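Below are the chains, spelled out letter by letter.
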Amino acid sequence: MAVRKIITLGNPILRQKAQPVSKITKAEQQLIDDMFETMEENEGVGLAAPQVAVPKRIFVAKWEGETYALVNPVIEWRSDDLVSGMEGCLSIPRVQAEVNRHLKIRVKALDRNGNKVIIEPEGWLARIFQHEIDHLDGILIIDRSDDLYWVVTEVDEDGKERTRLIPTTKSAIIAAFQKRKTPVRR
Ligand code: ZN
């Protein structure tokens, strides 16, 4: 098992439509195991394969002690009710977005062993699934929301850390990540 590198906003792989997995081989199972390890290492609750630079339709999630590894997930049904919630993304560090998601969905997929599964997540788990399935279509939280924030951590006089949310825009976020990637000219 190995922790893989998580790519960030500006890397074109995050914007590609990921390819369906035609056969689950040892390579896909190794990828899934590595994705779990990478997610845990980064204290995430979900991770999609494109985030580790593999454009395949696979994601993993961990919520309330349960783990999920889904291959070729398809949302078959969505509840009419939408709920709003604050989301972060390991590929867009220090950014949060208030995103509307369907309260409940039904997802058809294959598990790590290629068995067909149907899952009906609700609430936060449904939110995680929708966030990760978006990744497989090249969609990010900054595309889903106009309520975007930089997360700024400040240390006050007592040495206590406080986080503050500073409103921002999609273009400002894209520009900031672009700048960070620009190589230094000699
Ligand atoms: Zn994400």
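The coordinates are above.
Because the structure is a prediction, the values reported are computed rather than measured.

A.B. asks: Just give me the short version of the coordination of the zinc ion, but keep the residues and values in it.
C.D. replies: Protein coordination of the zinc ion is provided by Cys89 (SG), His131 (NE2) and His135 (NE2), with donor distances spanning 2.0 to 2.2 Å. When the donor residues of the zinc ion are listed from N- to C-terminus, their spacing reads C-x41-H-x3-H. One end of the pair, Cys89, is in the loop between strand E4 (82–88) and strand E5 (95–102); the other, His135, is in helix H2 (residues 124–136), and 46 residues separate them in sequence. Comparing Cys89 with His135, the two get one shared label, buried.

A.B. asks: Go over the sheet that holds strand E3 (residues 66–78) with me, naming the residues and quoting the values.
C.D. replies: In spatial order, the strands read E1-E2-E3-E6-E7; together these five strands make up an open sheet with antiparallel pairing. Two strands close off the open sheet at either side, each with one partner strand: strand E1 (46–48) and strand E7 (116–119). Ignoring which end each strand starts from, the neighbouring axes of this sheet average 35 degrees apart. Pairing analysis gives five bridges linking E3 to strand E6 (residues 105–110), with the strands arranged antiparallel. Bridge pairing in E6 places Trp77 opposite Arg106. Sheet contacts for helix H1 (residues 26–41): E1, strand E2 (58–63) and E3; angle to E2, the most-contacted strand, approximately 40 degrees. Each of E1, E2, E3, E6 and E7 touches H2; the most contacted strand, E2, lies at about 160 degrees to it.

A.B. asks: Account for the nonpolar core, naming residues and giving values.
C.D. replies: Grouped together as the largest cluster of nonpolar side chains are 17 residues, with contacts concentrated most on Phe59, Ala61, Tyr68, Leu70, Ile105, Val107 and Phe129. Counting only elements with at least two residues in this core, the list comes to E2, E3, E6 and H2. Top contributing element to this core by residue count: H2, with six residues. Sequence-distant contacts of Tyr68, that is, excluding residues within four places in its chain, are made with Phe36, Phe59, Val60, Ala61, Ile119, Leu125 and Phe129. In terms of nonpolar packing, the next biggest core, distinct from the first, is built from 15 residues, Leu31, Phe36, Met39 and Val71 among them.

A.B. asks: So what's going on with the sheet that holds strand E8 (residues 148–155)? Which residues, and what values?
C.D. replies: Spatial strand order, E4-E5-E8-E9: four strands in an open sheet with antiparallel pairing. A strand with exactly one partner marks an edge of an open sheet, and here the two such strands are E4 and strand E9 (161–168). Between one strand and the next, the sheet's axes are offset by a mean angle of 30 degrees, whatever the strand orientation. In this sheet, E8 lies alongside E5 in antiparallel orientation, the contact comprising three bridges. Following the sheet pairing, Gln96 is matched in E8 by Tyr149.

A.B. asks: An account of the pattern of salt bridges is requested, with residue identities and associated values reported.
C.D. replies: Pairs can form between side chains of opposite charge whenever their charged atoms are close. Taken as a whole and assessed by the stated rule, the structure comprises 17 salt bridges. The salt bridge involving Arg127 is made with Glu87; its shortest N-O contact spans 2.7 Å. A residue pair is termed long-range when its members are at least 10 positions apart, and Arg127 in helix H2 and Glu87 in strand E4 qualify at 40 residues. For the pair Arg127 and Glu87, one class covers both residues: buried. If you follow the salt bridges from partner to partner, you end up with Glu87, Arg101, Arg127, Asp134 and Arg144 in one network.

A.B. asks: Tell me about the layout of surface pockets, residues and numbers included.
C.D. replies: Estimated volume of the largest pocket: approximately 360 Å³. Taken together, 22 residues line the largest pocket, and the ones lying closest to its centre are Val45, Glu87, Gly88, Cys89 and His131. Where the lining of the largest pocket is concerned, the elements lending two or more residues are E4, E5 and H2. Split by residue class, the lining of the largest pocket holds nine nonpolar, eight polar and five charged. As a volume, the second largest pocket reaches approximately 270 Å³. Taken together, 14 residues form the lining of the second largest pocket, with Ile75, Arg78, Ile133, Asp134 and Arg144 sitting closest to its centre. Where the lining of the second largest pocket is concerned, the elements lending two or more residues are E3, E5 and H2.

Rules behind the numbers
Residues numbered from 1 in each chain as written. Predicted model: local features only at pLDDT ≥ 70, side-chain atom pairs only at ≥ 80, totals over all residues. Heavy atoms only, no water. Donors = N, O, S within 2.8 Å, 3.2 Å for Na, K, Ca; no water. Helix = DSSP H or I, 4+ residues; strand = E, 2+ residues; numbered from the N terminus. Buried < 20%, exposed > 50% of the residue type's maximum accessible area, 1.4 Å probe, protein only. Pairing = 2+ DSSP bridges. Axes fitted to C-alpha atoms, helices over the stretch in contact; angles between N-to-C directions. Contact = heavy atoms within 4.5 Å. Core = buried A, V, L, I, M, F, W, Y, C linked by side-chain atoms within 4.5 Å. Salt bridge = Lys/Arg side-chain N within 4 Å of Asp/Glu carboxyl O. 1 Å grid on protein atoms, 1.4 Å probe; cavity = no way out; pocket = protein on both sides within 12 Å on 5 of 7 lines; lining within 4 Å. Points joined across faces, edges and corners; volume = space filled by probe spheres on them. Nonpolar A, V, L, I, M, F, W, Y, C, P; charged D, E, K, R; others polar.

This is a description of form; function is not addressed.
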